[in-house]
Amino acid sequence: MLSSGGERFLHLEVVEKSRMGCFQPEQSDIELYIGTSGEIPCPAHNCTNNSDVAWYTGNISVSELSRETCVENGHFHLCEVKGKVDEDVYFCDRKVIERGVTWTFRRAVNVKVLPNKTTPKPPDIIYPDANRTEKVELDQYHRLTCDVCFQYEKNISAKVQWYLNHGGNTKQRTLLDMESPLHTQPILQEYCIRQSHIIKTVTSQHLNHTYTCFASNTAGNVSVTIKLEERVKWPSRVGYPIAFLLLAAGMAIILHMKSLELQIMYRSHFHFGNHGEKPFDVLLSHVWSATSAEMETGWTLSSPSGPETDKEACQQCMDLTNTELGEANRRPRVMLLHQVLEEQWGYRLCLLDRDIVPGGAYANDVVCAIQRSQMLICLLSADYLCNSNALFVLESGIQALLQKSTPKLLLIWTCRDSATLIQEAPLPSLVQRALKVLPSLNWATGKPTRASCDFWRSLKKAMPNHRVKLESIL
């Protein structure tokens, strides 16, 4: 390089590459085997007398590696090849003087690590198993899959194929069309191939043949034969009968647990027994308080005049309520109900404290009164559910209903928390269960006029269709 003032001149000499032997070859390849010692020579090392060589892997000097290595005569030695960790590109550098110019001579060596040389092994079919039967559905798509693992080979010669054996005869077979095989990434010990054949639409003909997966390499070949079998449609052939049996068993359990309630509900809507003339239309069961007893004095019946329609019945009851509004807060509801049923609607009532002759056996009198009435109405309240005599009447009515006797049974709740009373009151089991399903009406205090009218209309519909003739009881 010459310099003249502010200018610099570089002298470049171009020579033929063939005249410089140390520059060939530029890269070499070498194979090492796991578990053995390995030697990596530096390319064109003998073209000069300079034997000083520096080895690198990437930008790291091999002297910095935590490995047992050494450099002898320009060759890089690995005391033991470990595996993929030793597979890399190594570089060797040395100084070379050509035509008076000192060059840094670098060449690359591509090192590939292979398994130790062992006796080759035949393929290993992982899936399917020998003599396997695969379930298929007719007119559906099905994929035949074969997974095979091979011992690592330097020159891969593995092959996996599917064959169709006509009628199950392996000597009469046809090579099937297959998808492109899927290869797992080869490792030092083995690699695997998945080969598939697709049956687009399974027919009954496919069930008559067998299918063979054939795998081969330089060490030998193996095969596995399978057959197809129609899948049992569980939902239709087995699932539905099982579901039906489970449903039937569940219904039987429910019917057993709720048999009493179901029987009471049935008897409440369909009445059996003797439907002949009876002396009373309604047996009214209630509990008198002290105030009620005092107010009952002087209360007389007027001549009955039953309403022709539900609207008239509601209007009469509302007129009665409005006319006696001043007494509404002190008149017991049983007296109002008594007056409406007997005076306004013309029904013949049986009241135990009025129509039963004193001195008889109470239990017999109650049973007899129930049998002589077309209907039993119980005016329920907290006092009623705590009164043993009243509960006896209710329980006797329920027993009569279950024994296919004639009386209808209607509950009228005069409180809003009826569900709480059923749970908290010390009731017999039969009564407690029956109260939940028997026909009932709510007649709670403080309801608006429309709700009260709905109560009277519903009560009128629940009453017996035929009234007792007055002359029959005179």
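The structure displayed is predicted, hence computed values, not measured ones.

Undergrad: Any chance you could explain the packing of helix 2 (residues 259-269) against helix 9 (residues 388-402) here in plain terms?
TA: To characterise two packed helices, one gives the angle between the axes of the helices and the distance between these axes. In contact at an axis separation of 9 Å, helix 2 and helix 9 are set at 80° when each is read in the N-to-C sense. When the axes of helix 2 and helix 9 are compared, the pair comes out roughly perpendicular. Residue-level inspection shows Leu260, Gln263, Ile264, Arg267 and Ser268 of helix 2 in contact with helix 9, the latter providing Ile398, Leu401 and Leu402. Of the residues in the contact of helix 2 with helix 9, the class split is five nonpolar, two polar and one charged.

Undergrad: Would you mind showing me how to read the nonpolar core here?
TA: Across soluble globular proteins, nonpolar side chains have a tendency to be buried as a group. Ranked by internal contacts, the top residues of the largest apolar core, which has 34 residues, are Leu385, Leu394, Ile398, Leu411, Trp413 and Leu435. Among the elements that make up this core, the one with the highest residue count is helix 9 (eight residues). With 24 residues, the next largest nonpolar core counts Leu336, Ile377, Ile412 and Met463 among its residues.

Undergrad: Whenever I open this one, the sheet that holds strand 24 (residues 440-442) confuses me. Can you help?
TA: Strands sit in the order 21-20-22-23-24 across an open sheet of five strands; the sheet is parallel. Lying at the two open borders of the sheet, with one neighbouring strand each, are strand 21 (349-350) and strand 24. As paired elements, strand 20 (residues 280-285) and strand 21 share two bridges and run parallel to each other. Bridged to valine 282 within strand 21 is leucine 349. Packed on one face of the sheet, helix 5 (residues 333-344) meets strand 20, strand 21, strand 22 (373-380) and strand 23 (408-413) and runs near 155° to strand 22. With respect to the sheet, helix 7 (residues 362-371) is in contact with strand 20, strand 21 and strand 22, its orientation differing from that of strand 22 by roughly 120°.

Undergrad: Is there a simple way to explain the state of the cysteines in this structure?
TA: One way to say it: the disulfide is the covalent bond shared by the sulfur atoms of two cysteines. Per the stated rule, a full pass over the model turns up three disulfides. Note on cysteine connectivity: cysteine 42 is disulfide-linked to cysteine 92, with sulfurs 2.1 Å apart. Where cysteine 42 bonds to cysteine 92 through sulfur, the torsion about that S-S bond is close to 75°, and the disulfide is right-handed. Placement of cysteine 42 in the loop between strand 4 (38-40) and strand 5 (54-57) and of cysteine 92 in strand 9 (residues 89-98) is noted, with a sequence separation of 50 residues between them.

Reading the values: rules and limits
Residues numbered from 1 in each chain as written. Predicted model: local features only at pLDDT ≥ 70, side-chain atom pairs only at ≥ 80, totals over all residues. Heavy atoms only, no water. Axes fitted to C-alpha atoms, helices over the stretch in contact; angles between N-to-C directions. Helix = DSSP H or I, 4+ residues; strand = E, 2+ residues; numbered from the N terminus. Parallel < 35°, antiparallel > 145°, perpendicular 65-115°, else oblique. Contact = heavy atoms within 4.5 Å. Nonpolar A, V, L, I, M, F, W, Y, C, P; charged D, E, K, R; others polar. Core = buried A, V, L, I, M, F, W, Y, C linked by side-chain atoms within 4.5 Å. Buried < 20%, exposed > 50% of the residue type's maximum accessible area, 1.4 Å probe, protein only. Pairing = 2+ DSSP bridges. Disulfide = S-S within 2.5 Å.

These values are about where atoms sit, not about what they do.
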